[in-house]
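Coordinate analysis (summary)
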Amino acid sequence: MSINLHIYLHNFIYESRVLKTTQSLVNSGLVDVIHIVGIHGENLREVEHIDKYRIIWRVKLKYYNIPIPKIKGLLWKIEYYLRVICVYLRRDISVIHCNSIEDLPIGVMLKIFKKRV
């Protein structure tokens, strides 16, 4: 079963654009499973099943609450990128959808590393 991966580099609470896009993919029958990856926030579940086709994984970050802004921004992005790449490197991914320019490095790295495997 191949995964359609949607990467979203923010807290995923209710992002209508992503939800509508993924619902259209489900309705068309083009995908088996859709994983939406975001960042964990307060009062949010780490894993949430929207329906039997769509799953949200909110990555819990250790470096998200560092008080120094420049270091915080760098560390949590690196941690997010590495955790997503490590989890999805060994999975069968058919499509990687990056929802912003910040998500593009993850998509490119997964594409490069998966090509070698």
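Above this text sits the structure in question.
About the cut-offs
Numbering of residues starts from 1 in every chain and runs along the sequence as written. Where local features are concerned, this predicted model is filtered to residues with pLDDT of at least 70; where side-chain atom pairs are given and counted, the filter is 80 or more; whole-chain, interface and lining totals use all residues. As a convention, hydrogens and water are excluded, and side-chain values are obtained from all of the structure's heavy atoms. Helix and strand definitions here come from DSSP, where helices need a minimum of 4 consecutive H or I residues and strands a minimum of 2 consecutive E residues; each element is numbered from the N-terminal end. We compute the radius of gyration from the C-alpha atoms alone; for a globule the expected value is 2.2 Å times N to the 0.38, where N is the number of residues. The buried label applies to any residue whose accessible area, calculated with a 1.4 Å probe on protein chains only, is under 20% of its type's maximum; exposed applies above 50%, and partly exposed to all values in between. We call two residues contacting when some pair of their heavy atoms lies within 4.5 Å. Positive charges come from Lys and Arg, negative ones from Asp and Glu, while His and the chain ends are left out of the count. A single reference atom marks each charge: NZ on Lys, CZ on Arg, CG on Asp, CD on Glu. For this analysis, a nonpolar core means a set of buried residues of the types Ala, Val, Leu, Ile, Met, Phe, Trp, Tyr and Cys, connected via side-chain atoms within 4.5 Å.

Notes on the overall build of the protein chain
- What the protein chain contains, in helices and strands, is three helices and five strands.
- Of the regular secondary structure in the protein chain, the N- to C-terminal order runs β-α-β-β-β-α-β-α.
- A compact globule built from 117 residues should have a C-alpha radius of gyration of about 13 Å, and the protein chain, at 14 Å, falls within 12% of that.
- Viewed in the frame of its principal axes, the protein chain has a C-alpha envelope of about 45 × 35 × 20 Å.
- Counting only residues that meet the buried cut, the protein chain has 37% of its 117 residues in that class.
- For the protein chain, the proportion of contacts with a sequence separation of at least 24, taken over those separated by at least 6, is 57%.
- Across the protein chain, the mean location of the 18 positive side-chain charges is 5 Å away from that of the 10 negative side-chain charges.

Let's talk about the nonpolar core
- Of all hydrophobic cores here, the largest spans 18 residues; its most connected members are Val37, Tyr80, Val84, Tyr88 and Ile106.
- Those elements that provide at least two residues to this core are strand E1 (3-11), strand E2 (33-39), strand E4 (54-59), helix H2 (69-88) and helix H3 (104-116).
- Looking at which element gives the most residues to this core, the answer is H2, with six residues.
- Setting aside chain neighbours within four positions, we find Val84 in contact with Val37, Trp57, Val59 and Ile106.
- Among the nonpolar cores identified, the runner-up in size contains nine residues, and Tyr8, Phe12, Val31 and Ile56 belong to it.

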